[in-house]
Amino acid sequence: LMRMVFVLFAEERSLLPMENDLYATSYSLSRLHAQLLLDWGRYGNSMGDRYGAWARVATLFRLIHDGVNANDGLCLPERRCNLFNPDAFPFLEGRPRGSVRQMGQALTVPRVSDVVVFRVLDQLMVLGGERLQYRGLDVEQIGSVYEGLMGFELKVAEGESLCLTPEHVVVNLEELLQKGGPERIKTLKAKASLDVKDKAANEVKEAKSLDALQVALARRNSPRQPGRISKGSLYLQPGDERRKSGSHYTPKSLTSPIVETTLRPVLERLGPNVTADQILELKICDPAMGSGAFLVEACRQLGDHLVAVWRRTGTMPELPLDEDPVLHARRLIAQRCLYGVDKNPLAVELARLAMWLVTFARGHPFAFVEHALRCGDSLVGLSREHITSMSLEVSKGRQVGIVHTVAERAVTRAEDLRREIRSITDPLDDTRLLDLLREADDALDIARMMGDLVVAAYVSGGSEGARRTAIESVAQKTSAWLQTGAHDAQLRNTVRDLRGGSVPIEPFHWEIEFPEVFTDGTRSHGFTAIVGNPPWVSYAGRAAQPLDDRLRLLYTKFYRAFGRFRNLQALFVEHSAAILQSEGRLGLVLPSSMAELVGYGVSRAAHDQLATCDFELPDLGDSFVGVYQPSMVLYSTRRAARDANIAEATWPIARPDLDGQSRRILAHLKGDTLPASLFGERGLQSSGDDVAHMQRISDTEHVTPLRVGSDIHAFRRGAASLYAAPGWFGTRLRTPLQWCRVKVLIRQTARIPMATQSDGIGFRNSILAAFEDEGYSADFLVAYLNSTPVRWCHYFRNRDARLGIPQVKIGHLRAIPAPRDRDYVGVIAALGKKWSARNAGIDSAEQEFLDETVARSLFIQLEDLTRMRNDASLWK
């Protein structure tokens, strides 16, 4: 699919030779679709018995990779692109996995019918009955297709199956039929998030055959995969790769202003008389580039600046015949100024192809940016000093003789080759370009291997002392190898195990992979700017993803930000700031919570020791489909030197929604807060498999009552909605004594705090817990949290309250201002005790009296309380 999408982009931009009759009639995908469309009108489904189209598609893929120079005028240069490499996906040509193609080899091309090829092309080329114009699409749209594909897994049906709404999950009907009636309902809920009730539930429970089960679920059959899926068939199942990787496509509407704002101070510092050479010396990087959306936008913007300089100074270079000034400028920018890294090899290939498309580099191989867009783990790697000394204790001035000499020689050689690569502009030099790429990569092989060996030794297990010993040992073996040739196979196997294990670690050693960026000298050391949208992945809390122990060890060793709220995006922030040159610029899309929550204080401090934020950071809101966290952009500038004294910081997110009065009220409410010990999480943490062991009706198995968020209201608690099976949950269910220690229950999914006193019954993690101490009783907390001044403060201070799926969080509760006048604490507690006892809520008059009392305790003026009451309509 990604090959086809790329070809359609290239054909409509005349980057493939559509003007050549042989290409157009024998290879072109868009012409193939037109031919198949005519045949569909004539022959319909009988096209299912024809098999010529797929062979043509497979031949086109090989042609793009290999190139051709035929007597009939068809000329395509060799592209050298892994995405189109015939040996990367040999099954597409009917060859077994791992096979290498042979010249003149007879192939049995897979029997993909013409009707299947037609339907695939039709889905790619027709939208809403209209022909999709790829020429009018942004190159970045390739990334949206890629991100969409990440949301699915291709699977084989192990039995007769059905795809069900609401989440379009495929369920094995044969497996479902073998379960008892009630278990079927639980399975549908657990596996497909399908809540079957009433008549439909009875039909599912009583079904005696596959046909009856299909009829019972017919109204829930997904239109995406309608009808029964037969055993052995392929189907698409929504997967969690995209969620686990935290990857989200960033549209041009965001990349454009982010790149512009990030680069503006850099360009301003160059002054009004900036030269073309100064523009071409800029180095812009995306350390988690995905399919290259930010780099494509940087290419456009810097290309425009370069053309403007040429015209202002009268230094327009001699242009190739097939390029205008804009395209020539973009190609120079792509080749000299842009860098990117990503862990996903397919993403790297797509980024390279996107750069080829946006520069219209028709006569060049896709590899013309291969030196700068690389595959690897941006967060795992060693410095040049670490590698040349084969040690993590570089402060001790350690050197390993021949190891240091060989590594330095290798990096210096690679740097010279890479400078030559960046200087090539003539398409006629493409053969030389490919040769230089191979030479530079080969030159770095030994230094890269040394870095990998140190990483492998460090994660080999044991204590810190044992890890140091392991590094010493591998350094000695490397030295012996370089002197005598011994241990080569053993050392390479160590690296192979690190990079190719069940959970591979693929270090990316920035200072040797991009030596021209980090060479010490008269120029600054590092990138001019870093832009991007790093993956949002948490390793703590409810959304925690599993983390390999070796990576956890490395993150702990190298990153200050890996503390408290441990997550991937914080590491990208710290690392990105660290590889910037002095006064370099940072522009990263991040969850807004990183700017405000106390738990991210360590992450913010790690950044602020290296860089200073802009005055106000933009709030992007809910900008990404399927992501319910608000987002922001962190813009900052690298300090000249690290400020190790910064231990805590907040980031200033812009608030255009606040007027002067609102800002004044929020400033007034800053100060002492309620004790943090009053609030915590005590709810039952449950996962997908747990759902089947909780139900709304108690029986002999489900006997432990549990409240959920919707059972909690202001001054009123409803009956428990669920009953849990203690045999399943075991010690995860707290003891009655532990539940009784919780004094107040607070609904979590809400725009404002809604609190009621606890009666000792257990609850799920959709409810937050509050306790009491000598200063603040449960009676006080219930009344205080349900007051309009406290709710107003929560709603306008925390973005989570204003989302599509709002949240009250522990950090929010711990930031609630404490009463300024302690004489009112007892008065408020008396109100809480009175209204809690009746467990029926309060009326409007009682709410007004409570609000006035709390306002007096906080020294809030009447005009400000009136404003708060008027704003209450926003959360009702």
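Above: the structure in question.
Conventions adopted
Residues numbered from 1 in each chain as written. Predicted model: local features only at pLDDT ≥ 70, side-chain atom pairs only at ≥ 80, totals over all residues. Heavy atoms only, no water. 1 Å grid on protein atoms, 1.4 Å probe; cavity = no way out; pocket = protein on both sides within 12 Å on 5 of 7 lines; lining within 4 Å. Points joined across faces, edges and corners; volume = space filled by probe spheres on them. Helix = DSSP H or I, 4+ residues; strand = E, 2+ residues; numbered from the N terminus. Nonpolar A, V, L, I, M, F, W, Y, C, P; charged D, E, K, R; others polar. Buried < 20%, exposed > 50% of the residue type's maximum accessible area, 1.4 Å probe, protein only. Pairing = 2+ DSSP bridges. Phe/Tyr/Trp six-rings, centres within 6.5 Å; stacked < 30°, edge-to-face > 60°. Lys NZ or Arg CZ within 6 Å of the ring centre and 35° of its normal.

Participant: Whenever I open this one, empty space enclosed by the protein confuses me. Can you help?
Facilitator: Over the atoms, a rolling probe the size of a water molecule traces out where space has been left empty. Within this structure, the stated rule accounts for one cavity of 30 Å³ or more. The calculated volume of the largest cavity comes to roughly 50 Å³. Taken together, Arg 3, Ala 58, Phe 61, Arg 62, Phe 84, Pro 86, Phe 89, Leu 92 and Glu 93 make up the full set of residues lining the largest cavity. In terms of residues, the lining of the largest cavity owes the most to one element, helix 4 (residues 53-66), which gives three residues. Its residues assigned to classes, the lining of the largest cavity comprises six nonpolar, no polar and three charged.

Participant: What's the story with the pairing of strand 7 (residues 169-172) in this structure? I'm lost.
Facilitator: Moving residue by residue along a regular strand, the side chains alternate between the two faces of the sheet. Alternating positions in strand 7 separate into two faces, Val 169 and Val 171 on one and Val 170 and Asn 172 on the other, with burial throughout. When strand 6 (residues 161-164) meets strand 7, the two strands line up antiparallel, connected through four bridges. Of the residues in strand 7, the one forming a bridge with Cys 163 is Val 170. The hairpin formed by strand 6 and strand 7 contains four residues between the paired strands, and His 168 there has a positive phi angle of roughly 60 degrees.

Participant: What should I look at first to understand the layout of surface pockets in this one?
Facilitator: Considered as a void within the structure, the second largest pocket measures approximately 2,400 Å³ in volume. What lines the second largest pocket is a set of 46 residues, among which Leu 1, Met 2, Val 120, Leu 149 and Leu 236 lie closest to the centre. Put simply, the parts of the chain that give the lining of the second largest pocket at least two residues each are helix 1 (2-12), helix 4, helix 5 (114-125), strand 3 (126-127), helix 6 (141-149), strand 5 (152-156) and strand 8 (234-238). The element contributing the most residues to the lining of the second largest pocket is helix 5, with seven residues.

Participant: Help me understand the packing of aromatic side chains in this model?
Facilitator: What describes a pair of aromatic rings is the distance from one ring centre to the other and the angle between the planes of the rings. Applying the stated criterion across every chain yields a total of 25 aromatic pairs. Summarising the aromatic geometry, the rings of Phe 6 and Trp 356 are spaced 5.7 Å apart at their centres and angled 50 degrees between planes, so their arrangement reads as tilted. One end of the pair, Phe 6, is in helix 1; the other, Trp 356, is in helix 16 (residues 345-358), and 350 residues separate them in sequence. Residue class for Phe 6 comes out buried when judged on its relative accessible area of 1%. Geometrically, the ring pair formed by Phe 9 and Tyr 134 is edge-to-face, given 5.1 Å between the ring centres and 80 degrees between the ring planes. Highlighted residues: Phe 9 in helix 1 and Tyr 134 in the loop between strand 4 (130-131) and helix 6, separated in sequence by 125 residues. Taken together, the ring pairs connect Tyr 339, Phe 508, Trp 510, Phe 514, Phe 518 and Phe 527 into an aromatic cluster. Residue placement shows Arg 111 over the ring face of Tyr 51; its charged tip is 3.9 Å from the ring centre. One Lys or Arg, Arg 467, reaches over the ring of Tyr 458 and ends 5.2 Å from the middle of that ring.

Participant: How should I be thinking about unusual backbone geometry in this particular structure?
Facilitator: Of all residues except glycine, most have a negative phi; of all peptide bonds, most are trans. For the bond from Thr 165 to Pro 166, the omega torsion is 10 degrees, close enough to zero to count as cis. Summarising the element assignment, Pro 166 is placed in the loop between strand 6 and strand 7. At Ser 14, a residue that is not glycine, the phi angle is positive and equals roughly 60 degrees. Its place among the elements puts Ser 14 in the loop between helix 1 and helix 2 (21-26). The backbone of Ser 193 sits at a positive phi, close to 55 degrees, despite the residue not being glycine. Turning to its location among the elements, Ser 193 is positioned in the loop between helix 8 (181-192) and helix 9 (198-206). Taking relative accessible area as the criterion, Ser 193 reaches 30% and is therefore assigned partly exposed.

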